[in-house]
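Here is what each chain is made of, one letter per residue.
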Amino acid sequence: MSSTETTKEEDQKQHVLESVVIRFTGDSGDGMQLTGTQFTSTSALLGNDIATLPDFPAEIRAPAGSLPGVSGFQLHFSSSDIYTPGDRPDVLVAMNPAALKTNVADLKPNGILIVNTDSFQQRDLDKAGYASNPLEDQSLAGYQLIKVDMTRLTRKSVEGLGLDTKSADRCKNMFALGMLYWLYTRPMDSTIEQIRTKFAKKPEILEANLRSLQAGYTYCEATEVFAESYVVPPATVAPGRYRNISGNTALAIGLVAGAKQAELQLFLGSYPITPASDILHELSYLKAHGVITFQAEDEIAAIGAAIGASYAGAMGMCTTSGPGMALKTEAMGLATMVELPLVIVDIQRGGPSTGLPTKTEQADLLQAMFGRNSEAPIPVIAAATPGDCFHMAYEAVRIATRHMTPVILLSDGYLANGSEPWLLPKVEDLPKFPIRHHTDPVGFRPYNRNPETLARPWAVPGTPGLEHRIGGLEKADGSGNVSYDPLNHEHMVRTRARKVELVANDIPDQEVMGDPSGKVLVVGWGSTYGAIQGAVRHAREDGHSVSHAHIRYLNPFPKNLEDVLKRFDKILVPELNMGHLAFLLKAKYLLPVVPLDKVQGRPFTEGEIRTAIDALL
Amino acid sequence: MSSTETTKEEDQKQHVLESVVIRFTGDSGDGMQLTGTQFTSTSALLGNDIATLPDFPAEIRAPAGSLPGVSGFQLHFSSSDIYTPGDRPDVLVAMNPAALKTNVADLKPNGILIVNTDSFQQRDLDKAGYASNPLEDQSLAGYQLIKVDMTRLTRKSVEGLGLDTKSADRCKNMFALGMLYWLYTRPMDSTIEQIRTKFAKKPEILEANLRSLQAGYTYCEATEVFAESYVVPPATVAPGRYRNISGNTALAIGLVAGAKQAELQLFLGSYPITPASDILHELSYLKAHGVITFQAEDEIAAIGAAIGASYAGAMGMCTTSGPGMALKTEAMGLATMVELPLVIVDIQRGGPSTGLPTKTEQADLLQAMFGRNSEAPIPVIAAATPGDCFHMAYEAVRIATRHMTPVILLSDGYLANGSEPWLLPKVEDLPKFPIRHHTDPVGFRPYNRNPETLARPWAVPGTPGLEHRIGGLEKADGSGNVSYDPLNHEHMVRTRARKVELVANDIPDQEVMGDPSGKVLVVGWGSTYGAIQGAVRHAREDGHSVSHAHIRYLNPFPKNLEDVLKRFDKILVPELNMGHLAFLLKAKYLLPVVPLDKVQGRPFTEGEIRTAIDALL
Amino acid sequence: MTTGVESPKPLTKKDFETDQEVRWCPGCGDYAILNAVQNTFATLGIPKEKFVIVSGIGCSSRFPYYMNTYGFHTIHGRAPAVATGVKLTNPELSVWIVTGDGDALSIGGNHLIHAMRRNINIKVLMFNNRIYGLTKGQASPTSELGKRTKSSPMGTAEEPFNPLSLALGASARFVARSVDIFAPHLRSVLSAAASHTGSAFIEIFQNCNIFNDGAWDPWTEKQVRDDRVLMLEHGKPLIWGKERNFGLRLKGIDLEIVKFEGEPPADLLVWDARRADPTLAFMMASLGDRPDAPMPLGVFRHHDQPSFEQRVHQQLTEAQAKGVPSLESLIGAGEVWDVK
Amino acid sequence: MTTGVESPKPLTKKDFETDQEVRWCPGCGDYAILNAVQNTFATLGIPKEKFVIVSGIGCSSRFPYYMNTYGFHTIHGRAPAVATGVKLTNPELSVWIVTGDGDALSIGGNHLIHAMRRNINIKVLMFNNRIYGLTKGQASPTSELGKRTKSSPMGTAEEPFNPLSLALGASARFVARSVDIFAPHLRSVLSAAASHTGSAFIEIFQNCNIFNDGAWDPWTEKQVRDDRVLMLEHGKPLIWGKERNFGLRLKGIDLEIVKFEGEPPADLLVWDARRADPTLAFMMASLGDRPDAPMPLGVFRHHDQPSFEQRVHQQLTEAQAKGVPSLESLIGAGEVWDVK
Ligand SMILES: Cc1ncc(C[n+]2csc(CCOP(=O)(O)OP(=O)(O)O)c2C)c(N)n1
Ligand SMILES: Cc1ncc(C[n+]2csc(CCOP(=O)(O)OP(=O)(O)O)c2C)c(N)n1
Ligand code: SF4
Ligand code: SF4
Ligand SMILES: [Mg+2]
Ligand SMILES: [Mg+2]
């Protein structure tokens, strides 16, 4: 099979491209996610840099052929560094009219549009609300329209295997994939390997998938449906071992890595919620690593159990999304009061309320900062890319245990489901920070404080001689006894605040990409990293004085942040919300930052950020 | 009885004072709250201006004689306008050593200290942790110490009534009250009247109370225990009918007034929590007014039911305090999304977590602003004085119904339990704003919008022809159908934000007490009103350029607020938290405001604010 | 467009259909339930604008969108709370809750048991597919012990709730069970619930063909159904089986299965759903958990008692017997004084 | 100061006392319960540092402060959640919950029923004073219908929960009831709970002499007690009365009271707490609600089954049977490629 790469006819032109954006779209039953991930891993193995953006419908299975039932997967692969899944696709694969309708507007002018003509029957057009057939009415004149009767061709390719029509038709995503492999001169080995593993127990399905894949490839070769094929050479990325990783997977193993390096039992209390559930799933498969997962009756029980676990000496954690986060706020106050380590992960999604549960957003930052009764300060950190979720999860554990405090880690739907090639960290580069619970009764008092961090001792039940009581009532510093003393209360409120501020001693300085001073600084946080990075790099290539600071540590801010900000004339703050970070920066540094807010359930494009940068130059 | 006023012996000096602060303290079983409220209502009837501050122990009944069992009631009465219960008492009544110990430090130098010597036995001293008897060891030398064997004298006065010792001893608070009535030349009629009503069914107890009251009075007259007695003449307050009212009572009847003027059924869903429970109690007594109260299983059910009630056409409300507020945040998001009127009352208390449940604090402001997942803006208003709770409750209903939005009303423990003489509002001065639910099916769509307010129609179940569905998923503007359209989402997020901003058209301009420009503006919100007002007035009397702006409408701010702020050189923001309003002002107006934070579970004193003002002058 | 005029002609199923595309997976059991509910509502003699359907979050909870009545898709687990506010405010409305096994029993368990205890006149239809559908297949509180799901790869470590036992323990006065695809039975159970004064809990076995396909097949599949299901009919002896040759009788405090030929024995238990004491219903609720016994369906308990909203409004009426006091009187209550 | 050395001498009540002043109202029933718990703990053969007491919020929930063990005074209603985390993390600890009728059944109802369902080895002591004590006297979910309280001036409009029925409906496997002032009985019930594998629910009648004084007097006062209380003793016939001349027997599915003279009739029900089927316990749980019947006290159900934490740790053990994989293997799982 791998020989296909070398069988190109001489008379076909082969262009070298720097990068390409493909979007596969079809009905949720059409297997577009699989097609996308296969193309992704093939490209990753080929050494391209990649970024992906899956887009699921909110329904499990919306009616076949309907607009809400459309499922999409966009991927950007390149021979140079890339930061986003791409603003607009170069190629759109539309398996049915609904997919065409909801996606074609994004396709680049003169982009390649591949459609499965077999699914453009009157009934299909009606479902998508097309008055006339777009394949015939000239409305697609601005694109390179490639019409392929994929269903028929797929059925043909699997003839004789005894498959029913439904099963045969399921293979047409492989046909489409085969076509794209041809178009971009990709080897099919890895996909073939994976099909073999996946359908090992169903030989006819296996064979059907292989045949369809090959059929799609051969079809291009035979028919010259495409005038040319392309090559996207490998990127020059840092040497090392790579894996394609989604944010949720990276986050899950980052939590495990943190707990392991702390030498603590990992306890996850969680309640399923999109887009956080996958972390629960990932961790529940890791029992061999000693991970305990507890699927609780609700989010309050989940955090309650996590607090109990930390109290008993484990690294308690909980993972959720916005609405679940809202439910945990009372318990977060308790965790703050009893000063136990705890990691609270919020995979943000579109809101308010149930909102757009499968879409992305960054609008929980102020909730993370202030969404608790009274003064309950908690460190807040955020991951910037799918791979960075690993690192920040590890950081969350480190900060929580060193400072005896709950820590909120923010990610979002875009990071959670998006993926990127991830240079595997070396375990020896992950510092160990073994935690030893307090055992010495001499001089023990539950609210004695470490002078450097103000952390209290972690004394766990079962330890002889350290019997003590904790709880949510205000307590005397030192003894931990309940105290209604007014001055002690003020002291404790300020101590808890100070304790969080001291985390700043323990986090890296804010870095800047680009010059350390200049005209415009783009300040971002979380999943906007890629779009900002891309926009800023390109603006810099165009000679503009722009830099990028991406804040991973949001509470407390890095100590040098004010200094960093003040070296620029203007500060642009793009966010997928109504200006949360901008608000914090204004209140903290009294700087007239310029917010760039987008709240559409989807990430920024590079172009949007570039436009805003240009406006400030 | 009222003749006692005129029977003063000629040789006793009678001084006229402008104002006096008394603090009654004793064991929780000693009836100090009753003593305080009696003195209060007598003084109110006499025409004094008054302000009070009860101080309960956190325990229902802490052990008798213990420090945590001390209960106090401070009251300030005056012939001129006053704004706080006074910084430090002129007179301290201490019924036992524990009360003495926890309170004497506050007594003014050379203040009058009245103690019940009978309760200074060794056992009592031990319970309070006194190593030696303070009545004998000169430690009280700085005060006018008045030692009275009240228990013995009270027992004596009720002899022959056949009371057991316990019941007899319960009357000693009346003895103390009688003494204070003599000292400040107060008539006893109103107290006598109330004793008669209260104990109508227990004639011996009635008689015992009357006798003890009289005995205290006579004791002073007979023994010349006090060198002089005092007169505090009536204040010149606005004419009209008055009543002494606590914040919670005012708030409860304000809610009723709002609902009545809106011609809506009032529905309260609530779960008991200190210091909000009294509103539930008050309202559950008002069934004759058509008020439905529902004591729910928890705070989530309480707000859920209130949302259901609003959906069905009632004025849904819920009342709670910090931890309960934290639990309601997910449901608040739902209310924001379905755009129904709802009043959410938060009587703030000391936190975080269970914190100091019986103490006051203002630290829920940022939670009220931001404590919800994603973008869920809600108007926030706050009451400034006990009586103002009535007005702001009424305002909450008005805004909620006119703008079809949840509204958060903030009060706190200090307002809730404190009281002041309240000039009864005339019902004709409370504008009616009758609400008519939508009934016309022509052109009806659930998310049509009023162009002025962006409010949607309130169409309630049971109305023929308006059947429709609402919910927490994002919806298309107009039709209200579920919509995952990215641009609609952005439109809706901005529309909901704009809707809240438009409330600014419907609230009064920010007022300033003092000159409209100058050196220092003290900006407050909520229960700090009295202390700030007092401090600013006194500073102005001393010739300083200081003014006071008290913000009742916190989200959105009054339209002229920025203008008001910018007319002063410096802005001082005193708050019972770590700087919430200061934070909002900084972020919104980029002004370098000076926070003055106090987090001790108790209100500011005038002195504290004055000191901070002086530092800025 | 609908009009404001109350139509005098009797309602039909069509009147309850909306223009919204139904978005459950093809083959989902929810379709059949939607059908049954639309059919039943048309027969209840209640004008369509008086129906309110409140739901939480889940596949099942999308139900209100497909019913042309008033509908409120609330938040996860809180439907009973919202419905309580609706019903207390306007007792004339016919208030129904549609919920799932996760929504009702996991996050919403507390509201559910309190609604049952209060006996508020709300009908709870719990679609039990023994899985979290909407979040794509985690274990629910009704998933069998040891069930392997996305969140329990080695099987769950906990016994499920028996939803009917739970409801009865919370003193539910109307408790019933039916199956998505048993249309006539389901309709009759829904009608019985509608006729009850007070809260009603109806468990409906529902097939999630995506994440838990065939969960109820051992009882409901055509071939086995007659042998594996026991229909509870008030006043009738408990008999089942293709040949109707199995019966139940009491033996002390246990239920005994009797196989007979010909006439059923005289001592078979005669079903009495109207008992005030819930013990018999409780006993019957867990019968289906026994491997040797059939799954009882039908009305387990139907005990009328004054409902919560009746009692609440009774108090309002009493309190207002002497008229509604004025706002002035409220503002000026207690001790007042005049300053001239 | 305590020392780190485990004392070899047997524990006494004193070992469980703290230096904190006990802050319940004088006369509160909580004192007696504190006494009984301290006494019982001393006899269980468990080192004192292995006890953890978790509570919610309420007067009752202050309990941990007065016990010289590990204690966690959490937030309202959430003690079962926190305790679950403690027990799952360290199954060797002896984990007890102290809660009130409001804490456990109102805000905390859901966590309670799930703890029962899961059968996690945690002992729940619910102090039932039928009122909210700490918040000064509102109705609780166990307050009688029509009870006048601060929040229900015309009386409540809702039936209370029967806590034992609720627990049994949630499939609690150990369910018992005792009384604050019945010290030996209470101690024996506590010991029985300690001996059980899995979750235990113990309702303790408790007098709140401030807000609901005498709530249990009709059953527990010296004069009436013998006639109004039925002690359930495993293996013994159900007999009560000052003269021990009343008994209970089954009549169909009902409990019948028999008055007898001399020898008790042979067909009296013999108490069996160990039945797997919960029906009998359920039937007995509501007996006390009948005005003509005595209040049963003692162990209603005691059915051992593997506990949740045992099952969870069993899975960990199995998964680790082949050793614990390295962090490297986790990081480098799935398809990887090398860039030179
Ligand atoms: C507060 C909150 N937590 C979690 C979720 C995610 N969630 C939505 S539905 C659901 C469970 C659905 O299961 P079930 O109630 O059985 O309904 P089904 O989909 O099976 O009909 C969950 C966990 C949510 N929407 N809100
Ligand atoms: C979230 C929250 N809501 C409400 C409260 C107020 N609260 C404290 S204890 C309590 C009820 C106590 O009743 P119960 O559990 O019966 O305990 P008891 O005081 O009677 O022992 C309530 C409502 C709270 N602390 N937290
Ligand atoms: S996931 Fe299951 S329950 Fe949900 S719609 Fe699909 S089949 Fe129905
Ligand atoms: S209020 Fe009642 S329950 Fe609480 S401590 Fe006092 S007597 Fe006990
Ligand atoms: Mg389900
Ligand atoms: Mg109680």
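None of the values given here were measured: they were computed from a predicted structure.

Calculation rules
Residues numbered from 1 in each chain as written. Chains lettered and ligands numbered in written order. Predicted model: local features only at pLDDT ≥ 70, side-chain atom pairs only at ≥ 80, totals over all residues. Heavy atoms only, no water. Near = heavy atom within 4 Å. Polar contact = N/O pair within 3.5 Å; in protein donor to acceptor, adjacent residues only side chain to side chain. Areas by Shrake-Rupley, 256 points an atom, 1.4 Å probe, with all protein chains shown as cover. Helix = DSSP H or I, 4+ residues; strand = E, 2+ residues; numbered from the N terminus. Nonpolar A, V, L, I, M, F, W, Y, C, P; charged D, E, K, R; others polar. Contact = heavy atoms within 4.5 Å. Buried area = accessible area lost by both parts, 1.4 Å probe. Salt bridge = Lys/Arg side-chain N within 4 Å of Asp/Glu carboxyl O. Pairing = 2+ DSSP bridges. Donors = N, O, S within 2.8 Å, 3.2 Å for Na, K, Ca; no water. Buried < 20%, exposed > 50% of the residue type's maximum accessible area, 1.4 Å probe, protein only. Least-squares fit on C-alpha atoms with pLDDT ≥ 70 in both. Phe/Tyr/Trp six-rings, centres within 6.5 Å; stacked < 30°, edge-to-face > 60°. pLDDT = per-residue confidence, 0-100. Axes fitted to C-alpha atoms, helices over the stretch in contact; angles between N-to-C directions. Domains from an automatic or database assignment.

**Q** Got a minute to help me understand the site of ligand 2 in this structure?
**A** The local shell around ligand 2 holds 21 residues, among which E299 of chain B together with C59, S60, D101 and D103 of chain D are the closest. The environment around ligand 2 is built from residues contributed by chains A, B and D. The side chain of S60 of chain D places a nitrogen or oxygen atom 2.6 Å from an oxygen atom of ligand 2. One of the backbone N or O atoms of G133 of chain D is found 2.9 Å from an oxygen atom in ligand 2. In isolation ligand 2 has 590 Å² of accessible area, and contact with the protein removes 98% of it. Among the elements that make up the shell around ligand 2, the one with the highest residue count is helix α3 (residues 101-107) of chain D (three residues). Its residues assigned to classes, the shell around ligand 2 shows nine nonpolar, eight polar and four charged.

**Q** Whenever I open this one, the interface of chain C and chain B confuses me. Can you help?
**A** How large an interface is tends to be reported as the accessible area lost when its parts come together. The partner chain B presents 75 residues to the 60 residues of chain C that form the contact. Between chain C and chain B the total buried area reaches about 5500 Å² when both faces are included, carbon and sulfur atoms providing 65% of it. Its largest share of buried area at the contact with chain B, chain C owes to Y70, I331 and W337 of chain C, together 16% of the area lost on that side. Between R118 of chain C and E297 of chain B there is a salt bridge, with the nearest N and O atoms lying 2.8 Å from each other. Summed over the shared surface of chain C and chain B, the result is 28 residue pairs in polar contact (both at pLDDT 80 or more). If you list the elements that add at least two residues to the side of chain C that touches chain B, you get β2 (70-73), α2 (79-89), α4 (109-118), α10 (308-319), α11 (327-331) and β12 (336-339) of chain C. No other element matches the seven residues that α2 of chain C contributes to the side of chain C that touches chain B. Here the residues of the side of chain C that touches chain B sort into 26 nonpolar, 24 polar and ten charged. Relative to β2 of chain C, strand β17 (residues 469-471) of chain B runs parallel, the two sharing three bridges. Of the residues in β2 of chain C, the one forming a bridge with R469 of chain B is G71 of chain C.

**Q** I would appreciate a short explanation of the coordination of the magnesium ion (ligand 5) in the present structure.
**A** Each donor-metal-donor angle in an ideal tetrahedron of four donors is 109.5 degrees, and each such angle in an ideal octahedron of six donors is either 90 or 180 degrees. All names here are of chain C. Distances from the magnesium ion (ligand 5) to its protein donors, D101 (OD), N129 (OD1) and I131 (O), fall at 2.1 to 2.2 Å. Linear spacing of the donor residues for the magnesium ion (ligand 5) on their chain is D-x27-N-x1-I. Of the two residues, D101 is situated in helix α3 (residues 101-107) and N129 in the loop between β4 (122-128) and α5 (163-169); the sequence distance between them amounts to 28 residues. Owing to a relative accessible area of 2%, D101 belongs among the buried residues under this scheme.

**Q** I tried to follow the site of ligand 1 on my own but got confused; where do I start?
**A** Taken together, 21 residues lie around ligand 1, and E299 of chain A together with C59, S60, D101 and D103 of chain C are the ones closest in. In this structure ligand 1 sits where residues from chains A, B and C come together. Contact distances for ligand 1 include 2.5 Å between a nitrogen atom and a side-chain N or O atom of E299 of chain A. Considering only residue class, the shell around ligand 1 consists of nine nonpolar, eight polar and four charged.

**Q** Can you help me understand the coordination of the magnesium ion (ligand 6) in this one?
**A** Each protein donor to the magnesium ion (ligand 6) is listed here as D101 of chain D (OD), N129 of chain D (OD1) and I131 of chain D (O); together their distances run 2.0 to 2.2 Å. Mapped onto the polypeptide sequence, the residues donating to the magnesium ion (ligand 6) form the spacing pattern D-x27-N-x1-I.

**Q** Could you clarify how one ought to interpret the relation of the copies chain B and chain A in this entry?
**A** These two copies of the chain differ by a rotation about an axis and a displacement along the same axis. For the pair chain B and chain A, the best superposition has an RMSD of 0.1 Å and corresponds to a rotation of 180° with a translation of 0.1 Å parallel to the axis. In short, the pair behaves as if placed about a two-fold rotation axis. Comparing contact sets, 100% of the residues at the interface of chain B also lie at the interface in chain A, consistent with an isologous, same-surface contact.

**Q** Please explain the packing of aromatic side chains as it appears in this structure.
**A** What describes a pair of aromatic rings is the distance from one ring centre to the other and the angle between the planes of the rings. Counted under the stated rule, the structure contains 59 aromatic pairs over all chains. Pairing F557 of chain B with Y589 of chain B gives two aromatic rings, centres 6.1 Å apart and planes at 35°, and the pair type is tilted. Separated by 32 residues along the polypeptide, F557 of chain B in the loop between β20 (553-555) and α19 (561-566) and Y589 of chain B in helix α20 (residues 580-589) bring together distant segments of the chain. Residue Y589 of chain B is classed as buried on the basis of its relative accessible area of 10%. Taken together, the ring pairs in this structure connect F24, F39, F77, Y181, Y184 and Y230 of chain A into an aromatic cluster.

**Q** Can you walk me through the pattern of salt bridges in this structure?
**A** Residue and element names in this part refer to chain A. According to the stated counting rule, one finds 89 salt bridges over all chains in the structure shown. Between E608 and K598 there is a salt bridge, and its shortest N-O distance comes to 2.9 Å. With a gap of ten residues between them, E608 in helix α21 (residues 606-616) and K598 in the loop between β22 (594-597) and α21 connect regions that are remote in the sequence. Taken together, the salt bridges that share partners define one network made up of E395, R398, R402, E452 and D506.

**Q** Can you walk me through the confidence of the model for chain A in this structure?
**A** Low pLDDT marks regions whose predicted coordinates should not be analysed in detail. In this model, chain A carries a mean pLDDT of 94, and residues with pLDDT of at least 70 account for 97%. Confidence over residues 1-10 of chain A falls short of pLDDT 50; this stretch has 13 contacts with residues more than four positions distant or in other chains.

**Q** Explain the environment of V224 of chain D here, please?
**A** Residue and element names in this part refer to chain D. In this structure, V224 sits in helix α8 (residues 222-228). Residue class for V224 comes out partly exposed when judged on its relative accessible area of 27%. The sequence separation of V224 and N212 amounts to twelve residues, and the corresponding C-alpha distance is 19 Å. Not counting residues within four places of it along the chain, the set of residues in contact with V224 comprises D217, P218 and W219.

**Q** Sorry, what's going on with the sheet that holds β12 of chain C here?
**A** The strands that make up a sheet are held in pairs by hydrogen bonds between backbone atoms, and each pair lies either parallel or antiparallel. One open sheet holds the three strands; their spatial order is β16(B)-β9(B)-β12(C), and the pairing between them is antiparallel. In the strand order of this sheet, the two ends are held by β16 (419-423) of chain B together with β12 of chain C, each with one partner. Across the sheet, the mean angle from the axis of one strand to that of its neighbour is 35°, orientation sign disregarded. Pairing of strand β9 (residues 240-246) of chain B with β12 of chain C involves four bridges; the strand directions are antiparallel. Within the sheet, the bridge partner assigned to R241 of chain B lies in β12 of chain C and is D338 of chain C.

**Q** Got a minute to help me understand the interface of chain B and chain A in this structure?
**A** The interface is formed by 60 residues belonging to chain B together with 60 residues belonging to chain A. Buried area between chain B and chain A, summed over both chains or domains, comes out near 5300 Å², and the portion from carbon and sulfur atoms is 64%. Ranking the residues of chain B by area buried against chain A places P352, N373 and Y484 of chain B at the top, with a combined share of 13%. The interface formed by chain B and chain A holds zero salt bridges in total.

**Q** Sorry, what's going on with the side chain of Q315 of chain D here?
**A** Assignment of secondary structure puts Q315 of chain D in helix α10 (residues 308-319). Note on Q315 of chain D: relative accessible area 12%, which makes it buried. Dropping the residues within four chain positions of it, Q315 of chain D is found in contact with K287 of chain A together with M154, G155 and T156 of chain C.

**Q** Help me out: how do you make sense of the domain arrangement of chain A in this one?
**A** Residue and element names in this part refer to chain A. Domain annotation of chain A identifies domain 1 (3-231), domain 2 (243-429) and domain 3 (518-616). Relative placement of domain 1 and domain 2: their C-alpha centres are 35 Å apart. At the interface, 14 residues of domain 1 touch nine residues of domain 2. Across the interface of domain 1 and domain 2, roughly 840 Å² is buried in total on both sides, 56% from carbon and sulfur atoms. Linking domain 1 to domain 2 there are one salt bridge. Between the two partners, domain 1 and domain 2, sit two residue pairs in polar contact (both at pLDDT 80 or more). Sort the elements by how many residues they give to the side of domain 1 that touches domain 2 and strand β3 (residues 49-55) lands first, with seven residues. For the side of domain 1 that touches domain 2, the per-class residue count stands at eight nonpolar, four polar and two charged.

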